[in-house]
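# Coordinate analysis (summary)
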Amino acid sequence: MKIILNNREEIIDRDRMTVSELLEYKNFTFKLLVTKINGRLVKKEERDKAQIHDGDHVTVLHLVSGG
Amino acid sequence: MDTACIRRQLASKKVGIAGCGGLGSNCAVALIRCGLGSLVIADFDTVDRSNLNRQYYFQEQIGMKKVDALKSTIAAIEPDCRVEVHDVKLRPDDIVRIFGHCDVIVEAFDHAREKEMIITTVMEKLADKMLITGIGLAGYGRNNELRAERQGNLFICGDQGSEVSADNPALAPRVGIVANMQANQVLEILLNTESDENNPE
């Protein structure tokens, strides 16, 4: 499938996957993340179930301290 | 748009700033210098000597509440700017109550967990509100890594990677750049000239 991940096109060798699977696939290991599918917030506890499909816009934002 | 026109438009606007540390204090001062009419600022902390390496405070303000110190600094620059202060450690309910009536909200927290809290709160409870967040500003140099990105109603300023730690401290230049990027983004939104590029949502 082809998705838009963080505003960039990404081709993934699967028909669908959950947000948790995407994080593992992309090696996103930050402790604190905000995840969205098509602009809708996917909470931490929903990531194992929330499915990503072809054409979806996915956002994975890493949160780091400093301000 | 000339300066008078910009000031006239900004005079009727209200911006909320969550946190009055390096990002919040510098962002606030930049906005009021441009003629912003109203600010809502919130922080629970007091000014410490160690803050003066990057935050918009002065020696004689050490020990003061940051919200009170910042309000007095703003009054010394732009006495007509209305400043509403909240001496509070912000929780989700406070964010809705305190910033719900602002035109734009600036996230200026220190800790990643607080950044997560305000982003998710605004997305869930104030979904039509634009939030300008500062993420990734530790250290020095690497000018070209500092950038701005839009994800729906969330605007992210910073390099999105460098985390503050003992070996990678927050320093005035990069903190100031990101704070001013946030202020610059607020102006673009309030003056209705934001471009729609980079906005797939």
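Residues numbered from 1 in each chain as written. Chains lettered and ligands numbered in written order. Predicted model: local features only at pLDDT ≥ 70, side-chain atom pairs only at ≥ 80, totals over all residues. Heavy atoms only, no water.

### Brief notes about the overall build of chain A
The secondary structure content of chain A amounts to one helix and seven strands. Relative to its length of 67 residues, chain A is compact, with a C-alpha radius of gyration of 12 Å against a globular reference of 11 Å. Its C-alpha atoms give chain A principal-axis dimensions of roughly 40 × 25 × 20 Å. In chain A, which comprises 67 residues, the share counted as buried stands at 51%. In chain A, the share of contacts with a sequence separation of at least 24, taken over all contacts with a separation of at least 6, comes to 54%. Side chains of chain A give 12 positive and 11 negative charges; the mean places of these two sets differ by 7 Å. (Helix = DSSP H or I, 4+ residues; strand = E, 2+ residues; numbered from the N terminus. Rg over C-alpha atoms; globule rule 2.2 N^0.38 Å. Buried < 20%, exposed > 50% of the residue type's maximum accessible area, 1.4 Å probe, protein only. Contact = heavy atoms within 4.5 Å. Lys, Arg positive; Asp, Glu negative; His and termini not counted. Charge placed at Lys NZ, Arg CZ, Asp CG, Glu CD.)

### Some thoughts on the overall build of chain B
Helix and strand counts for chain B stand at six helices and seven strands. Starting at the N terminus and walking to the C terminus, you meet the elements of chain B as α-β-α-β-α-β-α-β-α-β-β-β-α. Computed over C-alpha atoms, the radius of gyration of chain B comes to 16 Å, within 12% of the 17 Å expected from 2.2 N^0.38 for 201 residues, which places it in the range of a compact globule. Principal-axis analysis of the C-alpha atoms places the extent of chain B at approximately 40 × 40 × 35 Å. The 201 residues of chain B split such that 52% are buried. Partitioning the contacts of chain B with sequence separation of at least 6, the portion at a separation of at least 24 is 67%. Here chain B has roughly 8,800 Å² of accessible surface; of this, 48% comes from carbon and sulfur atoms. (Areas by Shrake-Rupley, 256 points an atom, 1.4 Å probe, with all protein chains shown as cover.)

### Details of the interface of chain A and chain B
With 18 residues of chain A in contact, the opposing surface of chain B contributes 32 residues. The interface formed by chain A and chain B holds one salt bridge in total. Among the salt bridges present, the one from E124 of chain B reaches K43 of chain A, with a minimum N-O distance of 2.9 Å. Here chain A is connected to chain B by 10 residue pairs in polar contact (both at pLDDT 80 or more). At the level of elements, β4 (33-37) and β7 (57-62) of chain A are the ones that each hand at least two residues to the side of chain A that touches chain B. It is β7 of chain A that contributes the most residues to the side of chain A that touches chain B, four residues altogether. Among the residues making up the side of chain A that touches chain B, the classes are represented as seven nonpolar, nine polar and two charged. (Salt bridge = Lys/Arg side-chain N within 4 Å of Asp/Glu carboxyl O. Polar contact = N/O pair within 3.5 Å; in protein donor to acceptor, adjacent residues only side chain to side chain. Nonpolar A, V, L, I, M, F, W, Y, C, P; charged D, E, K, R; others polar.)

### What to know about helix α2 (residues 22-33) of chain B
An α-helix turns once per 3.6 residues; consequently, residues spaced three or four apart project the same way. Residue and element names in this part refer to chain B. Compared with an ideal rise of 1.5 Å per residue, which puts 12 residues at 16 Å, α2 spans 17 Å between its outermost C-alpha atoms and is within 8% of the ideal. Across the 12 residues of α2, 11 count as buried, placing the element largely inside the fold. Where α2 is concerned, the buried positions are G22, L23, G24, S25, N26, C27, A28, V29, A30, L31 and I32. Just downstream of α2, G35 is the residue with a positive phi angle, here 110°. (Expected span 1.5 Å × (residues − 1).)

### Considerations on the packing of helix α4 (residues 92-99) of chain B against helix α5 (residues 112-125) of chain B
All names here are of chain B. Remark: α4 packs on α5, axes separated minimally by 10 Å, with the N-to-C direction vectors making an angle of 60°. One finds that α4 runs oblique with respect to α5. Handedness of the α4/α5 crossing: right-handed. Across from P92, D93, I95 and V96 in α4, the residues of α5 making contact are M117, I118, T121, V122 and K125. Looking at side-chain class alone, the contact of α4 with α5 contains six nonpolar, one polar and two charged residues. (Axes fitted to C-alpha atoms, helices over the stretch in contact; angles between N-to-C directions. Parallel < 35°, antiparallel > 145°, perpendicular 65-115°, else oblique. Left-handed = near helix turned anticlockwise from the far one by under 90°.)

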